There are 2 protein chains.
Amino acid sequence: MSHMNFRCLEISRWVVCGLIGFLTGLIACFIDIAVEELAGIKYQVVKKNIENFTEVGGLSISLLLWAVLNSAIVMVGGIIVAFFEPIAAGSGIPQIKCYLNGVKIPRVVRLKTLVVKVAGVICSVVGGLAVGKEGPMIHSGAVVAAGVSQGRSTSLKRDFKIFEYFRRDTEKRDFVSAGAAAGVSAAFGAPVGGVLFALEEGASFWNQMLTWRIFFASMISTFTLNIFLSVYNKNPGDLSNPGLINFGRFPVDGVAYNFYEIPLFIAMGAIGGLLGALFNILNYWLTIFRIRYVHRPCLQVMEAMLVAAVTATVSFTMIYFSNDCQPLGPEDKKEYPLQLFCADGEYNSMATTFFNTPERSVHSLFHNQPGTYNPLTLGLFTLTYFFLACWTYGLAVSAGVFIPSLLIGAAWGRLCGFLLAAITTPAPLWADPGKYALIGAAAQLGGIVRMTLSLTVIMVEATGNVTYGLPIMLVLMTSKIVGDYFVEGLYDIHIKLQSIPFLHWEAPATSHWLTAREVMSSPVTCLNRIEKVGTIVDTLSNTSTNHNGFPVVVQVSGSDEPEKLCGLILRSQLIVLLKHKVFVELARSRLTHRKLQLKDFRDAYPRFPPIQSIHVSQDERECMMDLTEFMNATPYTVPQETSLPRVFKLFRALGLRHLVVVDDENRVVGLVTRKDLARYHIGKHGLEELQLAQT
Amino acid sequence: MSHMNFRCLEISRWVVCGLIGFLTGLIACFIDIAVEELAGIKYQVVKKNIENFTEVGGLSISLLLWAVLNSAIVMVGGIIVAFFEPIAAGSGIPQIKCYLNGVKIPRVVRLKTLVVKVAGVICSVVGGLAVGKEGPMIHSGAVVAAGVSQGRSTSLKRDFKIFEYFRRDTEKRDFVSAGAAAGVSAAFGAPVGGVLFALEEGASFWNQMLTWRIFFASMISTFTLNIFLSVYNKNPGDLSNPGLINFGRFPVDGVAYNFYEIPLFIAMGAIGGLLGALFNILNYWLTIFRIRYVHRPCLQVMEAMLVAAVTATVSFTMIYFSNDCQPLGPEDKKEYPLQLFCADGEYNSMATTFFNTPERSVHSLFHNQPGTYNPLTLGLFTLTYFFLACWTYGLAVSAGVFIPSLLIGAAWGRLCGFLLAAITTPAPLWADPGKYALIGAAAQLGGIVRMTLSLTVIMVEATGNVTYGLPIMLVLMTSKIVGDYFVEGLYDIHIKLQSIPFLHWEAPATSHWLTAREVMSSPVTCLNRIEKVGTIVDTLSNTSTNHNGFPVVVQVSGSDEPEKLCGLILRSQLIVLLKHKVFVELARSRLTHRKLQLKDFRDAYPRFPPIQSIHVSQDERECMMDLTEFMNATPYTVPQETSLPRVFKLFRALGLRHLVVVDDENRVVGLVTRKDLARYHIGKHGLEELQLAQT
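Residues numbered from 1 in each chain as written. Chains lettered and ligands numbered in written order. Predicted model: local features only at pLDDT ≥ 70, side-chain atom pairs only at ≥ 80, totals over all residues. Heavy atoms only, no water.

1. Some words on the overall build of chain A
Within chain A, the regular secondary structure consists of 27 helices and 12 strands. The burial tally for chain A puts 61% of its 695 residues in the buried class. Roughly 27,000 Å² of accessible area belongs to chain A as shown, and the carbon and sulfur atoms make up 61% of that amount. (Helix = DSSP H or I, 4+ residues; strand = E, 2+ residues; numbered from the N terminus. Buried < 20%, exposed > 50% of the residue type's maximum accessible area, 1.4 Å probe, protein only. Areas by Shrake-Rupley, 256 points an atom, 1.4 Å probe, with all protein chains shown as cover.)

Structure (structure tokens):
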């Protein structure tokens, strides 16, 4: 390929990344506006009814109305997820982590998944569940990236005949990481955080130009969202909505925090770690329960509806019993003030917290004046929301756990700030409860998801204040250390429960004495360089050899020397070859036979037909196939004595899927796949989880 | 090694990173305070004299005094660099880039280098050269890291017997990248930018925990600097000095920029790219001239003094001829106002620009009210400072090019803002020249150094305003694209001129048809697994086989089969083995002979003695050495047909230094080293540069 061609490719990559950013930003914008509009309508309906019924005393009716309304909305979201595209459930972050890690999960980046995801998240949020719309943005961005970069939609059966070069795993994965970054960027207004997220989860091999393109996609994404939202808010050019969630401006002038507050922050980080671990353990048990008993779609929808009804009931009860009335100042532009049982000119702050979108509640907890919430409200809210959020995560609805975590943390963080101020009275040193709400939010989120660098940067960018970088980092470190002592992060738990061969950063610490010989699968099915079609078909059809790569060996004809490794060929390549009947005999007989081109492989990507769908006649089975020009002639190999960490590093650094283990004579003795590495890892920590997930 | 041991190691790594951050912050603090104090003294002396002499008309005397004073200070800096540690010259960024890339440059991370660097940069800045103190911080941080992580100082002959595990290349390199990040962080108050710098320049294999530690070091570094500087400024707890350079607060509220300004920003990026390319080309010619004619230390010192004198003269002339007098407002707390030829109650703004430390000038250009500078002043200043900075970079003084670039850019950027405001009068749309100064600064810096992601984040963090992220990114992209069209970045030019085998991100675009066979060095000197000492000594002494790694081969005894690869051993390992006389005969005769331990290799690291210093008697030459247990028994290998990009990727992803090329029979046919890859790359672009640098 010429130099000019490479330049064209490079430009296409930039164009694709720009498109990914733009479309991801648009989707974020669409979700935001849809949620706002629908929530507004719902609020009007409920408010009117509550006001009517409160006067006539029919409280139970208004509760019923609210609960039914929410359940109905959630039902819609549950049905489309459970019946049409179960992979769209949850936040999608575990799935994207796996995809970027190199594990192919079926249907995870399809158009249908995106549509269900977007519609589902709108239903979940409008339905009043304890969820956020941020996590799903990451999945959405990834799907957009996978679609745009391929220049076609297999679902819609449209091929735009562009970007054909990108129809391969490595290129697609790079774009998907850009899409995930664009999603983070749009969700939190954090372009740098998005890049770091993509790197933390995806890139094993750091490439400067790739990173730069990812950053470009992120920037375009947040900028697109910002422009469209500012137009929607009738304030074009304002550019104050870089993300779906806006933490609001923390004061940048003056003393942000004092040196002696740092131990307090660290203590809060420890609390966050403990609560996060509790959350994860409860959710782990719940998920096992669900895997065992709630695996039928209709049951899943019913559970989602139940949660929606319970959420509404709990909220209603708490609003009913709370007397936390706050004066409604004239300048106080609350969007959804509910008077309820308060005096005129006042509003119920608990109702505000429950009725708002969670994003707005986080904002209020960060920024409302000291005294807006009373401690009892905050304590009760933390408690109930904690269990509701825990119950909600893992339902068959499309929703994220970021915002609920932030909200729980902000509530108890604000409570901490309140208590500190109370203790140090009459000279309240730490007057700003918003600051403690922020620290608490970081601690709780860190304790649940256990992200590190990217989360710090996301929080700092969402806060818009670099000064809080150090405390946020310390809090996240503490909560991770404390949390890791008890249990893994929420995403890792869910990845494990799906028994996915996920490769972590490093080989297990004590694995240095293990060698490739012990880890590898053996014996391996090898193919000859010129192989009988029947053998190939049988090999591919054999369910016990369900490998995706086969070493190709050659025997020097006439000698009794052992067979030597000469290449590696993929299952998908073999299938395309079989489909086009690239047999030696045919090539000889029909001179006009079209030569198989790279294009044929690209066209089949990524949905290669199964072997069963390819018909091979009995005559054809006797033909031969010459694999020489299609196989990878220089596969990566290691000697048998290579240590596991070294094998692991090769896999991670080069993004390998198959590694051939050879002996001194260059004979194939085994094959290491991701599963071999991951299985070992899982086996070390607890094999029972794996077995359970397979039932 | 047990699991517990790994945990201890992990904790040590964190402690080391904390220490690196703390010490780097302290050094930054020391440099800042020393510069401030010395500059204050110099200002007092010069001001007094200028005032005296201006009245009596002895202008030439005060010029002379100023020039002599500056030259004298620069002389001190020049002497210590040129005579004691030439590697401390310049910003050190090219050297650190090379180190992190895997190239060992002698003496680059020694204590002596650090001392000279710190003293040198203080002299350069106080001597009034057009330089900054930021670049050298990165080098300083790297030296601190290399020192702290080894737990000893070979120069001071002190061994603290700690961190012995880290005495190996890979660990040390990781810490050095943390040190470089801490340096960036302290220089610009940009901890995330520091991490990204370290990743861009150093990490080929992304590791989550490593990145997290690097971030920790960066955070500690900026925090340390912040605390100590706030104490120095008698405002403890203020925490408003996160970096050596402070861009000051840009307004965070309201409209930062408008959508239609973006094309203007991009145009400014193009200007920055052009000017940057011009700068680099001029500096390239100058450097070639210096390599040819100014290579004696005393000449280098004299050149530095000459530049100092010329800088002083030019400044003085411009101050003399400029009539840019500005009123000295009562609230205007200029630190160094010079009245000079202005009326009472006014000060000369040109003098302020020239007399201030460059950091403060940048700050003024960003934030002073519109109208503070007149356009002629700015134009003249841009012109002169451009050439002065270009002349200065590459002198035998320790100094950076970041701040001069920013200053040049800020000057012409402000000029652009001024012109735009003038054009759009009477309704000046773009009223804030500070904003244009910022964009110009980014454009100019990007055009010169061509950093991408890390520079964007550094600029955003230094600005403290996330809103400017998009324009800064676009400007940096444009300036890089435009600049790259003409010439490489300044650091890359200097790396090339030193003919260092630097590996870029990817193999050259058109190299896919090249295979390992064409790239490798062949034939290779191999050693037998049990080899005669004499052969080893001869091999190591042979200057034509100056490889650092040797394949170890084995022949099945009695057979006539070819020799097979069984391992790889490093020159340094062989030297330690020879030094300790680990000979088979000795081991047999003396049963009490101490077994060579890992510790012996660590103790020798990193200054392995040359082979000439090891005495081997004639009898010993006849002994045999068994390399089995010391060699790397599973070296990375590739077949001969492996393409260059694949070889390249292995080198970059795994940080390799040697890659053995084998044939089908596992026989050694060649060895690929970094030089083989880099030489090819250099050869493609222009071999004459390489030859020139070798003279």
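2. Focus: the pattern of salt bridges
Residue and element names in this part refer to chain A. Under the criterion given, the structure shown has 34 salt bridges over all chains. Of the charged contacts, one joins Glu10 and Arg213 as a salt bridge, the two residues approaching to 2.9 Å between their closest N and O atoms. Residue Glu10 is located in helix H1 (residues 3-56), and its partner Arg213 is located in helix H8 (residues 208-232); the two are separated by 203 residues in the primary sequence. Relative accessible area serves as the criterion here: at 23%, Glu10 is assigned to the partly exposed category. Exposure remark for Arg213: the relative accessible area of 6% places this residue in the buried category. In this structure, Lys133 and Glu359 form a salt bridge, with 3.2 Å as the shortest nitrogen-oxygen distance. With a gap of 226 residues between them, Lys133 in the loop between helix H4 (111-126) and helix H5 (135-150) and Glu359 in helix H12 (residues 358-367) connect regions that are remote in the sequence. According to the relative accessible area criterion, Lys133 is buried, its value standing at 2%. In this structure, a network of salt bridges that share partners links the residues Glu10, Arg13, Glu171 and Arg213. (Salt bridge = Lys/Arg side-chain N within 4 Å of Asp/Glu carboxyl O.)

3. Quick notes on the sheet that holds strand E12 (residues 668-673) of chain B
All names here are of chain B. As summarised here, the arrangement of the three strands in space is E10-E11-E12, forming an open sheet in which the pairing is mixed. The open sheet has two edge strands, strand E10 (637-639) and E12, and neither has a second partner. Going across the sheet, the axis of each strand differs from the next one's by a mean of 30°, ignoring polarity. Bridging between E10 and strand E11 (residues 658-662) involves three bridges; their strand directions are parallel. Note on E11: the bridge partner recorded for Thr637 is Val660. The strands that helix H25 (residues 644-654) touches are E10, E11 and E12; relative to E11, the one it contacts most, it runs at about 145°. (Pairing = 2+ DSSP bridges. Axes fitted to C-alpha atoms, helices over the stretch in contact; angles between N-to-C directions. Contact = heavy atoms within 4.5 Å.)

4. A closer look at the sheet that holds strand E8 (residues 564-570) of chain A
Residue and element names in this part refer to chain A. On the basis of which strands lie adjacent, the open sheet formed by three strands has the order E5-E7-E8 and mixed pairing. The open sheet has two edge strands with one neighbour each: strand E5 (527-528) and E8. Looking at chain direction, strand E7 (residues 549-554) and E8 are connected through six bridges and run antiparallel. Each residue of the ladder has a partner; that of Val553, found in E8, is Leu565. Helix H21 (residues 571-579) rests against E5, E7 and E8 of the sheet, and its axis sits at about 75° to E8.

5. Things to note about the packing of aromatic side chains
Residues and elements named next belong to chain A. Counting across every chain of the model gives 20 aromatic pairs over all chains. Summarising the aromatic geometry, the rings of Tyr485 and Phe486 are spaced 5.3 Å apart at their centres and angled 85° between planes, so their arrangement reads as edge-to-face. Within the aromatic cluster, the residues linked to one another by ring pairs are Phe279, Phe386 and Phe387. (Phe/Tyr/Trp six-rings, centres within 6.5 Å; stacked < 30°, edge-to-face > 60°.)

6. Thoughts on a nonpolar patch on the surface
All names here are of chain B. Residues Ile11, Val15, Leu19, Phe22, Leu23 and Phe228 make up a contiguous nonpolar surface patch of about 470 Å² in total accessible area. A total of five residues in the nonpolar patch trace back to one element, the largest contributor, which is helix H1 (residues 3-56). By the secondary structure assignment, Leu19 is in helix H1. Given a relative accessible area of 35%, Leu19 falls into the partly exposed group. (Patch = residues over 30% accessible without salt bridge, like charges linked within 9 Å, V, L, I, M, F, W, Y side chains within 5 Å.)

7. Quick word on unusual backbone geometry
In this model, A:Asn666 sits at a positive phi of 65°, which is unusual for a non-glycine residue. With respect to the secondary-structure elements, A:Asn666 resides in the loop between strand E11 (658-662) and strand E12 (668-673).

8. Quick notes on the packing of helix H7 (residues 191-201) of chain B against helix H8 (residues 208-232) of chain B
Residue and element names in this part refer to chain B. For the pair H7 and H8, the least separation of the axes is 8 Å and the interaxial angle reads 135°. Relative to H8, the element H7 lies oblique. Considering only the axes of H7 and H8, their crossing is right-handed. Residues Pro191, Val192, Val195, Ala198 and Leu199 of H7 touch H8, and the partners they reach there are Thr211, Ile214, Phe215, Ser218, Met219 and Thr222. Here the residues of the contact of H7 with H8 are counted per class, giving eight nonpolar, three polar and no charged. (Parallel < 35°, antiparallel > 145°, perpendicular 65-115°, else oblique. Left-handed = near helix turned anticlockwise from the far one by under 90°. Nonpolar A, V, L, I, M, F, W, Y, C, P; charged D, E, K, R; others polar.)

9. Regarding the packing of helix H10 (residues 297-321) of chain A against helix H13 (residues 375-392) of chain A
All names here are of chain A. It is at 11 Å that the axes of H10 and H13 come closest, and there the two elements cross at 175°. Considering their axes alone, H10 and H13 lie roughly antiparallel with respect to each other. Together, Glu303, Leu306, Val307, Val310, Thr311, Val314 and Met318 of H10 and Leu380, Phe381, Thr384, Leu388, Trp391 and Thr392 of H13 make up the contact between the two elements. Grouping the amino acids of the contact of H10 with H13 by side-chain chemistry returns nine nonpolar, three polar and one charged.

10. Remarks on helix H13 (residues 375-392) of chain B
In this model, H13(B) (18 residues) spans 25 Å end to end at C-alpha, consistent with the 26 Å of a helix rising 1.5 Å per residue. Just downstream of H13(B) lies B:Gly394, where phi reads positive at about 110°. (Expected span 1.5 Å × (residues − 1).)

11. Some words on the environment of A:Val195
Mapping A:Val195 onto the fold places it in helix H7 (residues 191-201). Among the residues examined, A:Val195 registers a relative accessible area of 1% and is labelled buried. Once the C-alpha coordinates of A:Val195 and A:Ala182 are considered, the two residues, 13 residues apart in sequence, prove to be 8.1 Å apart. Those residues within four positions of A:Val195 in sequence are excluded, and the remaining contacts are A:Ala181, A:Thr211, A:Ile214, A:Phe215, A:Ser218 and B:Leu453.

12. Digging into helix H14 (residues 402-423) of chain B
When the terminal C-alpha atoms of H14(B) are compared, their 31 Å separation across 22 residues agrees well with the 32 Å that a helix rising 1.5 Å per residue should span. With 18 of 22 residues buried, H14(B) is to be regarded as a mostly interior element.

13. Regarding the side chain of A:Lys97
All names here are of chain A. Residue placement: Lys97 occurs in helix H3 (residues 93-101). Within the structure, Lys97 has its side chain in polar contact with the side chain of Asp492 (distance 3.4 Å). Contacts of Lys97, omitting those with residues within four sequence positions, involve Glu201, Tyr491, Asp492, Ile495 and Phe502. (Polar contact = N/O pair within 3.5 Å; in protein donor to acceptor, adjacent residues only side chain to side chain.)

14. Concerning the state of the cysteines
The final tally for this structure, using the stated rule, is zero disulfides over all chains. No disulfide involves B:Cys566; its nearest neighbouring cysteine sulfur is the one of B:Cys526, lying 9.8 Å away. (Disulfide = S-S within 2.5 Å.)

15. Re the side chain of B:Thr539
All names here are of chain B. Mapped onto the elements of the fold, Thr539 is located in helix H20 (residues 533-541). By relative accessible area, which is 9% here, Thr539 ends up buried. Separated by 2.6 Å, the side chain of Thr539 and the backbone oxygen of Thr535 make a polar contact.

16. Here we look at the pairing of E11(B)
All names here are of chain B. Among the five residues of E11, five are classified as buried, and the element is accordingly described as predominantly covered. Where burial is concerned, the two faces of E11 agree: the one with His658, Val660 and Val662 and the one with Leu659 and Val661 are both buried. Where the polypeptide runs from E10 across H25 and back to E11, its parallel neighbour, the crossover connection is right-handed. One ladder, built from five bridges, connects E11 with E12; its direction is antiparallel. By the bridge assignment, His658 is partnered in E12 with Thr673. Once E11 ends, the chain turns through five residues before running back antiparallel as E12, passing Asn666 with a positive phi of about 65°. (Right-handed = clockwise from strand over helix to strand, strands pointing away.)

17. Considerations on the confidence of the model for chain A
Low pLDDT means the predicted coordinates in that region are not meant to be read closely. Residue and element names in this part refer to chain A. For chain A, the average pLDDT comes to 81, and 85% of its residues sit at 70 or higher. Within chain A, no element has a lower average pLDDT than helix H27 (residues 687-694), which sits at 33, and none a higher one than helix H9 (residues 262-293), at 93. Long-range and interchain partners of residues 682-695, a stretch whose pLDDT sits below 50, account for 15 contacts in this model, where long-range means more than four residues apart. (pLDDT = per-residue confidence, 0-100.)

18. Thoughts on the environment of A:His512
Mapped onto the elements, A:His512 comes out in the loop between helix H18 (490-497) and helix H19 (516-519). Here the alpha-carbon distance between A:His512 and A:Arg646, two residues 134 residues apart in the chain, equals 8.8 Å. Setting aside residues up to four positions removed in sequence, A:His512 forms contacts with A:Ser643, A:Pro645 and B:Phe6.

19. Let's talk about the environment of B:Phe502
Residues and elements named next belong to chain B. Structurally, Phe502 can be placed in the loop between helix H18 (490-497) and helix H19 (516-519). For Phe502, a relative accessible area of 10% corresponds to the buried category. For the pair Phe502 and Leu677, spaced 175 residues apart in sequence, the C-alpha to C-alpha distance is 8.8 Å. Contacts of Phe502, omitting those with residues within four sequence positions, involve Lys97, Cys98, Asn101, Ile495 and Ala678.

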